[in-house]
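# Understanding the architecture of this molecule
Chain residues, written in single-letter form:
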Amino acid sequence: MSAIKIRRALGAVAAGALMASAYSTMSGAQDAETITIGVVAPFSGPGANYGDQLRKGLDLALDEVNADGGILIGDKQVKLVIDYCDDRNTSSQSVICGRRLASDGVKIVVTATSVASLPLVGFNEEAGFLLLGASHAPAMTTQGNKLVVRSWPDPETSDMHFAKLLFDIVNSDEDKVERAAMMVVSTDVGTSFLKQFTEGWEAAGGTVTGRAPYSIEDTDFAPQIQNLLSGKPDAIVLTTICSTSALVINQARQLGFEGIFLSSSACPGGEALTRFVKPDDFGNYYSEAFPSSFVVGENVLPFVGKFEAAYGSRPTEVSAGLGYMQAHWAAQALAEAGGIDDLEKLKEAFGPALSKLTHENTLGLRDFDPVTGNTFADLAVALTSPETDGQMIRADK
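These numbers come from a predicted model, not from an experiment. (Residues numbered from 1 in each chain as written. Predicted model: local features only at pLDDT ≥ 70, side-chain atom pairs only at ≥ 80, totals over all residues. Heavy atoms only, no water.)

### Notes on the overall build of the chain
Heads up, the condition is: Only DSSP runs of H or I reaching four residues or more are called helices, and only runs of E reaching two or more are called strands; each is numbered from the N terminus. Accessibility here uses a 1.4 Å probe with only protein chains present; expressed as a share of the type maximum, an area under 20% marks a residue as buried, one over 50% as exposed, and anything in between as partly exposed. Whether two residues are in contact is decided by their heavy atoms, any of which lying within 4.5 Å being enough. Surface exposure here means Shrake-Rupley accessible area, sampled with a 1.4 Å probe, where a residue is shielded only by the protein chains that are shown.
Scanning the chain from terminus to terminus reveals 13 helices and 14 strands. The buried share of the chain, reckoned over its 397 residues, is 58%. Taking contacts inside the chain between residues at least 6 apart in sequence as the whole, the part at least 24 apart equals 68%. Only carbon and sulfur atoms are counted for the fraction: they give 49% of the accessible area of the chain, which is about 15000 Å².

Here you go:
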């Protein structure tokens, strides 16, 4: 079928604990009504694991929100329901999903990739839904859209800082890493990261020796890698998901590359990477990461524990923590705004709602801008290597 639609009316689970006073319910209140949150993400194709982890994070959060009846709006208990739509990691399918959700009357839609977020920004105002999207592309919040909330830090402030910080870290000993070659994913995200990373890396004293485009649908990257290796780089920079990054790493090693690997937050390393490639094969892998992400920080261990209890394993993608945060943030904003009827009021409510999240804020977002919809975060540098037994550690401390 062209779009997989999965509805899940989430019931209570014993482990669910409501997050804040705005989530509390009233004894004797009438039977719960529902608000539907649409989700557009890849549940098949190359990004299926990313989408599956997102779904698990969202489901876990909504089980917690709905555990004692849902959120309190006026004198009514309101439960949240998720309507999932598989975009197969394609922009064309994300548009189909967005249009379908809008026609079904969904007023808030969650996305977890730029592939989904950017096409929806083009019509969500006209279609009448608020977009709570995760995108690394500046275009998500630079078009004057009044109904967009970015659930990912503003890349124009984070990526350049990351590149400068990374340069200092990898050049802190006798082995110099000054020449970087970039594999640039063929999306707006790749274009944005290329620009910001290049400016930051060169400002710190480094050189970008080459750039090569690639796609997550591809499996043979030898031509691009051979082209980059002709520039004799000390490092190869990766800009997309871990399954594709692992293919590039293995092929680069087969072609004789002996340097290190650097990455955007699209593949933060740790378990998300080692499920595809062994630490001995990639050596030192430095990545952009969130200080409070489950893959780095201790302050979200409550989320990790809940996830493992629910699913029998730890999260393997940052999308799990992202989905968990998005659902809790949306629930808190709905409670703050008093419902779904006024979408501009709902967007403004994401500011005070963010300040009330604690361990639910798995990305460490701060300083929500109610005009642009931007959020900010202080990104960290993480290291995954054989010396860390394939686990992520903070490299910037």
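### Details of the sheet that holds strand β14 (residues 393–394)
Put simply, the rule reads: Note: two strands are recorded as paired if DSSP finds a minimum of 2 bridges between them. Fitted lines through C-alpha atoms serve as axes, helices being fitted only where they are in contact, and the angles separating the N-to-C directions of these axes extend from 0 to 180 degrees.
Pairing in this open sheet of 7 strands is mixed, and the strands run β9-β8-β10-β11-β12-β13-β14 from one edge to the other. Lying at the two open borders of the sheet, with one neighbouring strand each, are β9 (207–214) and β14. Sheet analysis places strand β10 (residues 235–238) next to strand β11 (residues 260–263), joined by 4 bridges and oriented parallel. Residue pairing across strands places Leu-238 opposite Ser-263, the latter belonging to β11. Sheet strands touched by helix α5 (residues 155–170): β11, β12 (285–289) and β13 (380–384). Its angle to β12, the strand with the most contacts, is close to 150 degrees. Running over the sheet, helix α8 (residues 242–254) touches β8 (179–185), β9, β10, β11 and β12 and is turned about 160 degrees from β10.

### Topic: the environment of Ser-265
Mapped onto the elements, Ser-265 comes out in the loop between β11 and α9 (271–274). Looking at Ser-265, the relative accessible area reads 5%, which means it is buried. Between the C-alpha atoms of Ser-265 and Ala-289, which are 24 residues apart in sequence, the distance is 5.5 Å. Setting aside its immediate chain neighbours within four residues, Ser-265 contacts His-136, Trp-152 and Glu-288.

### Brief notes about the pairing of β9
Pairing between β8 and β9: 7 bridges, direction parallel. Paired with Ala-180 across the strands is Val-208, a residue of β9.

### Topic: helix α7 (residues 222–229)
Applied cut-off: Within this analysis, the arc is defined by the directions that extend from the helix axis to the C-beta atoms.
Among the residues making up α7, those that are buried are Gln-224, Ile-225 and Leu-228. Taken end-on, α7 shows its buried residues confined to a sector of 95 degrees, consistent with a single buried face. Next to the buried residues of α7 lie β8, β9 and α8.

### Things to note about the state of the cysteines
What counts, and what does not: A pair of cysteine sulfur atoms is labelled a disulfide when the two atoms are within 2.5 Å.
One pass over the structure, following the stated rule, counts 2 disulfides. Between the sulfur atoms of Cys-242 and its disulfide mate Cys-267 the distance is 2.0 Å. One disulfide, between Cys-242 and Cys-267, carries an S-S torsion of 105 degrees and so falls in the right-handed class. Of this pair, Cys-242 sits in helix α8 while Cys-267 sits in the loop between β11 and α9; the two residues are 25 residues apart in sequence, bridging distant segments of the chain.

### Focus on helix α13 (residues 343–355)
Since one α-helical turn is 3.6 residues long, residues separated by three or four positions face the same way. Spelled out, the test is: One axis is fitted to the seven residues ending at the residue and one to the seven starting there. The bend at that residue is the angle between these axes. By the criterion applied in these results, polar contacts are pairs of N or O atoms within 3.5 Å in which, for protein atoms, one can donate a hydrogen and the other can accept it, and in which residues neighboring in sequence qualify only through two side-chain atoms.
The largest bend along α13 measures about 30 degrees and falls at Ala-349, with the proline Pro-352 one to four residues further on. Burial in α13 covers these residues: Leu-343, Leu-346, Lys-347, Ala-349, Phe-350, Ala-353 and Leu-354. Looking at the buried residues of α13, the elements they touch are β5 (108–111), β6 (130–133), β7 (148–150) and α12 (318–337). Put simply, Asp-342 is the residue that caps the front of α13, since its side-chain oxygen is 3.3 Å from the backbone nitrogen of Glu-344.

### Some points on the pattern of salt bridges
Test applied: We define a salt bridge as a contact between a side-chain nitrogen of Lys or Arg and a carboxyl oxygen of Asp or Glu at a distance within 4 Å.
Enumeration according to the criterion identifies 10 salt bridges in this entry. Ionic pairing is found between Glu-64 and Lys-306, a salt bridge with its closest N-O pair at 3.5 Å. Of the two residues, Glu-64 sits in helix α1 (residues 48–66) while Lys-306 sits in helix α11 (residues 301–311), which places them 242 residues apart along the sequence. A relative accessible area of 2% places Glu-64 in the buried class. For Glu-126, the salt bridge identified is with Arg-99, shortest N-O distance 3.1 Å. With Glu-126 in helix α4 (residues 124–127) and Arg-99 in helix α2 (residues 91–103), this pair connects stretches of sequence that are 27 residues apart. Taking relative accessible area as the criterion, Arg-99 reaches 39% and is therefore assigned partly exposed. Among the charged side chains, a salt-bridge network with shared partners connects Asp-83, Arg-100 and Asp-104.

### Some words on the packing of aromatic side chains
The criterion, for reference: Between 30 and 60 degrees the pair is tilted, below 30 it is stacked and above 60 it is edge-to-face, where a pair is any two Phe, Tyr or Trp rings, Trp via its six-membered ring, whose centres lie within 6.5 Å. By the criterion adopted, a ring carries a charge over it if an Arg CZ or a Lys NZ lies within 6 Å of its centre and within 35 degrees of its normal.
Tallied over the full model, the rule gives 14 aromatic pairs. Judged by centre distance (5.5 Å) and plane angle (25 degrees), the ring pair of Phe-193 and Phe-197 falls under stacked. Of the two residues, Phe-193 and Phe-197 both sit in helix α6 (residues 188–203), 4 residues apart, roughly one turn of that helix. No difference in accessibility class separates Phe-193 from Phe-197, as the two residues are buried. Each ring, one from Phe-303 and one from Tyr-324, has its centre 4.7 Å from the other, and the planes form 40 degrees; the classification is tilted. Of this pair, Phe-303 sits in helix α11 while Tyr-324 is found in helix α12, placing the two residues 21 residues apart along the sequence. Residue Tyr-324 is classed as buried on the basis of its relative accessible area of 0%. Of the aromatic side chains, those joined through ring pairs into one cluster are Phe-162, Phe-167, Phe-193, Phe-197 and Trp-201. Positioned above the aromatic ring of Tyr-311, the side-chain terminus of Lys-56 is 5.3 Å from the ring centre.

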